[in-house]
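Now for the letters of each chain:
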Amino acid sequence: MMKVAIGCDHGGFELKEQVVKHLADQGYELTDVGCNSLDSVDYPVYAKKVCDLVNNGDVELGILICGTGIGMSMAANKIKGIRAALLSDCFSAEKTREHNNANVMCLGGRVIGPELAFRIVDTFLTTPFSNAERHQRRVNMLEG
Ligand code: RB5
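So, here's what we can say about the structure. (Residues numbered from 1 in each chain as written. Predicted model: local features only at pLDDT ≥ 70, side-chain atom pairs only at ≥ 80, totals over all residues. Heavy atoms only, no water.)

The next subject is the pairing of strand β1 (residues 3–8). Burial runs high along β1: five of the six residues are buried. In this sheet, strand β2 (residues 29–32) lies alongside β1 in parallel orientation, the contact comprising four bridges. Across the sheet, residue I6 finds its bridge partner in β2, namely D32. Handedness of the β1-helix α1 (residues 13–25)-β2 crossover: right-handed. (Buried < 20%, exposed > 50% of the residue type's maximum accessible area, 1.4 Å probe, protein only. Helix = DSSP H or I, 4+ residues; strand = E, 2+ residues; numbered from the N terminus. Pairing = 2+ DSSP bridges. Right-handed = clockwise from strand over helix to strand, strands pointing away.)

See below:
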């Protein structure tokens, strides 16, 4: 089963716990890098942990959750090799895998509810990159 890393800060902790259960129930091999409580922590620390696992090939895809998802997406997209998408709908989840080959997705735990989050996560994890030449060319250009 696909290996996935997940991380959060205190703003994303409650949704992270729900997403972990949702994915574990489906058999995904999850690496949960924390955090593990509502105590205040710094989101860039957890973004780095998940992105390192993605870049090392330890997992195929990563999920990051903070209050808005914005801080996590900013932190993740600063890391070479990471293409992080902040998601709040299923269409974008599908397209960012097909077109951008996004390897990390970010959610706002204070923005969306768990049922929508589950659908977005499921879409992201099950949609392949299209491999079309134009999309690969554009993704290559992101690395500069
Ligand atoms: C924490 O209060 C909050 O700033 C953080 O979870 C996130 O929303 C940052 O982008």
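Turning our attention to the site of the ligand. Taken together, D9, H10, Y43, C66, G67, T68, G71 and R110 are the residues near the ligand. In this structure, an oxygen atom belonging to the ligand sits 3.0 Å away from a main-chain N or O atom of T68. At 3.3 Å from an oxygen atom of the ligand is found a side-chain nitrogen or oxygen belonging to R110. Summarising the interface, the protein chains cover 71% of the accessible area of the ligand, which totals 290 Å² for the free molecule. (Near = heavy atom within 4 Å. Polar contact = N/O pair within 3.5 Å; in protein donor to acceptor, adjacent residues only side chain to side chain. Areas by Shrake-Rupley, 256 points an atom, 1.4 Å probe, with all protein chains shown as cover.)

Ordered in space as β2-β1-β3-β5-β4, the five strands form an open sheet in which the pairing is parallel. Each having just a single partner strand, β2 and β4 (84–86) make up the two edges of the open sheet. On average, adjacent strands in this sheet sit at an angle of 20° to one another, irrespective of strand direction. Two elements, strand β3 (residues 61–66) and strand β5 (residues 104–108), share five bridges in a ladder whose sense is parallel. Looking at β5, one finds that L64 is bridged to C106. In the packing of helix α5 (residues 114–126) onto the sheet, the strands contacted are β1, β3 and β5, and the crossing angle to β5 comes to about 175°. (Axes fitted to C-alpha atoms, helices over the stretch in contact; angles between N-to-C directions. Contact = heavy atoms within 4.5 Å.)

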